[in-house]
Amino acid sequence: MVVATPLAATELGDDGLHKAPWMRDTFKDLREDLQEANDEGKRLALIFEQRGCIYCTQMHEEVLSRPDISEYIAENFFVVQLNLHGDIEVTDFDGEVLAEKDMARKWGLLFTPTILFLPEEVEEGKTAPQAAVAVMPGAFGPGTTMDMFTWVNEKRYALENEEDFQRYHARRIRERNNGSTD
């Protein structure tokens, strides 16, 4: 009997966090990560997770492991994972260096998973949340997740029209016309 597994199946790391193949292991200097993302023609995204998070598990098993979503992220995003309770040092865009857990407090992050999407350039002195073009706080279904990554990648937040993310997502739901509200 052959059992099919998702293309982007994730494993748990020693830190108890899911490790997707498109996640980058960096020195967590966000200025360097942004430069590397730009050099590759990708968008920088930061994902905060925590050990034992049922919503993180749900996102990885039901959403982020879907081949269409996983491939889109791998092709278009430079994703750095951060641990809500971690001790690894992170250098924010404003130059401040803190442990992951202290950076999460500084940034006011309360939920996991939380994904921060960064622009190609961050003004001097700004923190990651101040610079973020979008924040995805929590676990969402495949449609919402794909729509958010697409909305950011296509820079739809910068268009001078009335279509914010919620309107874009509503339009995409109608276009999918598959009976799902996600």
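Keep in mind that what you see is a predicted model, and the values were worked out from it rather than measured.

Please give an account of the packing of helix H3 (residues 67–76) against helix H6 (residues 142–153) that cites residues and values.
Between H3 and H6, the least distance of the axes is 11 Å, while the angle of their chain directions is 20 degrees. The angle between H3 and H6 places the two elements in the roughly parallel class. The way H3 lies across H6 gives a crossing that is left-handed. Side by side, H3 and H6 meet where Asp 68, Ile 69, Tyr 72, Ile 73 and Asn 76 of the first sit next to Pro 142, Met 146, Phe 149, Thr 150 and Asn 153 of the second. The residue makeup of the contact of H3 with H6, split by class, is six nonpolar, three polar and one charged.

Run through the nonpolar core, naming residues and quoting values.
Ile 73, Phe 77, Val 79, Phe 117 and Met 148 are the most contacted members of the largest nonpolar core, which has 23 residues in total. Counting only elements with at least two residues in this core, the list comes to strand E4 (43–49), helix H2 (54–64), H3, strand E5 (77–83), strand E8 (114–117), strand E9 (134–137), H6 and helix H7 (165–176). The leading source of residues in this core is H6, at four residues. With residues up to four places along the chain from it excluded, the contact list for Ile 73 reads Trp 22, Leu 64, Val 79 and Phe 149. In this structure, Leu 84, Ala 104, Leu 116 and Leu 118 belong to the second largest nonpolar core, which totals 21 residues.

Rules of the game
- Residues numbered from 1 in each chain as written.
- Predicted model: local features only at pLDDT ≥ 70, side-chain atom pairs only at ≥ 80, totals over all residues.
- Heavy atoms only, no water.
- Axes fitted to C-alpha atoms, helices over the stretch in contact; angles between N-to-C directions.
- Helix = DSSP H or I, 4+ residues; strand = E, 2+ residues; numbered from the N terminus.
- Parallel < 35°, antiparallel > 145°, perpendicular 65-115°, else oblique.
- Left-handed = near helix turned anticlockwise from the far one by under 90°.
- Contact = heavy atoms within 4.5 Å.
- Nonpolar A, V, L, I, M, F, W, Y, C, P; charged D, E, K, R; others polar.
- Core = buried A, V, L, I, M, F, W, Y, C linked by side-chain atoms within 4.5 Å.
- Buried < 20%, exposed > 50% of the residue type's maximum accessible area, 1.4 Å probe, protein only.

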